[in-house]
Amino acid sequence: TQLLEQSPQFLSIQEGENLTVYCNSSSVFSSLQWYRQEPGEGPVLLVTVVTGGEVKKLKRLTFQFGDARKDSSLHITAAQPGDTGLYLCAGVAASGTYKYIFGTGTRLKVLA
Amino acid sequence: DAGVTQSPTHLIKTRGQQVTLRCSPKSGHDTVSWYQQALGQGPQFIFQYYEEEERQRGNFPDRFSGHQFPNYSSELNVNALLLGDSALYLCASSTGQPRETQYFGPGTRLLVL
């Protein structure tokens, strides 16, 4: 069974602080996505990474795909209250499946 | 361009009943996937429909079934509801290629009493 484990599970920080969320697996993924989800809503796509070692930036968010395509990280610089939400990573296995595996989620709260 | 839409937004059922949830994919998408998200957890893959056929299935019992129509919209049916079926049910659409991005709808919140 393929698993994506995220850490930390919960994070409460002050506005302006930096943070990193990790998404790890023992399996190789052909692509990996990061989503943010607000309570009662569907996940909203932030980024897709497909190449080992790839780094993508989205304003204050930096995403990295591990060289071996087994792990990924999300770094937020100078967090703001609007960054509050559930962050989810999701991967498609390299074996050609159509099934997305979701991580356990990281719930972030940024205090003003 | 409308995104993924789902109906209803909320639903309350009692144990043993049956429920049907509906999803319309994003324009240009022909593939629909369904997920179950329990409170505080990540979504769990139920199944995916492509060309009106179930293409892949997750670890869910046969009580969970689906259908895809010629216009690519889809339904999720759950029979003999259990209390544990209470969750947010999410629909996601894509173009069907293995690494294509999925776009999610707002979900249907199902409560089983």
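These numbers come from a predicted model, not from an experiment.

Reading the values: the criteria
Residues numbered from 1 in each chain as written. Chains lettered and ligands numbered in written order. Predicted model: local features only at pLDDT ≥ 70, side-chain atom pairs only at ≥ 80, totals over all residues. Heavy atoms only, no water. Disulfide = S-S within 2.5 Å. Helix = DSSP H or I, 4+ residues; strand = E, 2+ residues; numbered from the N terminus. Buried < 20%, exposed > 50% of the residue type's maximum accessible area, 1.4 Å probe, protein only. Contact = heavy atoms within 4.5 Å. Buried area = accessible area lost by both parts, 1.4 Å probe. Salt bridge = Lys/Arg side-chain N within 4 Å of Asp/Glu carboxyl O. Polar contact = N/O pair within 3.5 Å; in protein donor to acceptor, adjacent residues only side chain to side chain.

A look at the state of the cysteines
Here is step 1 of the chain: According to the stated counting rule, one finds two disulfides over all chains in the structure shown.
Here is step 2 of the chain: A sulfur-sulfur separation of 2.0 Å characterises the disulfide bridge that pairs C23 of chain A with C89 of chain A. Judged by the sign of its S-S torsion, about 80 degrees, the cystine formed by C23 of chain A and C89 of chain A is right-handed. With C23 of chain A in strand β3 (residues 19–24) and C89 of chain A in strand β9 (residues 85–93), this residue pair connects regions lying 66 residues apart in the sequence.
Here is step 3 of the chain: Judged by its relative accessible area of 0%, C23 of chain A is buried.
Here is step 4 of the chain: The disulfide bridge from C23 of chain B ends at C91 of chain B, spanning 1.8 Å between sulfur atoms. Taking the sign of the torsion about the S-S bond as the criterion, the disulfide between C23 of chain B and C91 of chain B, at about -55 degrees, is left-handed.

Some details on the interface of chain B and chain A
Here is step 1 of the chain: At the junction of the two partners, chain B supplies 23 residues and chain A supplies 24 residues.
Here is step 2 of the chain: Taken together, both faces of the contact between chain B and chain A bury some 1,800 Å²; the carbon and sulfur share is 54%.
Here is step 3 of the chain: At the boundary of chain B with chain A, the tally comes to zero salt bridges.
Here is step 4 of the chain: The interface formed by chain B and chain A contains four residue pairs in polar contact (both at pLDDT 80 or more).

Everything listed is a geometric property; what it means functionally is a separate question.
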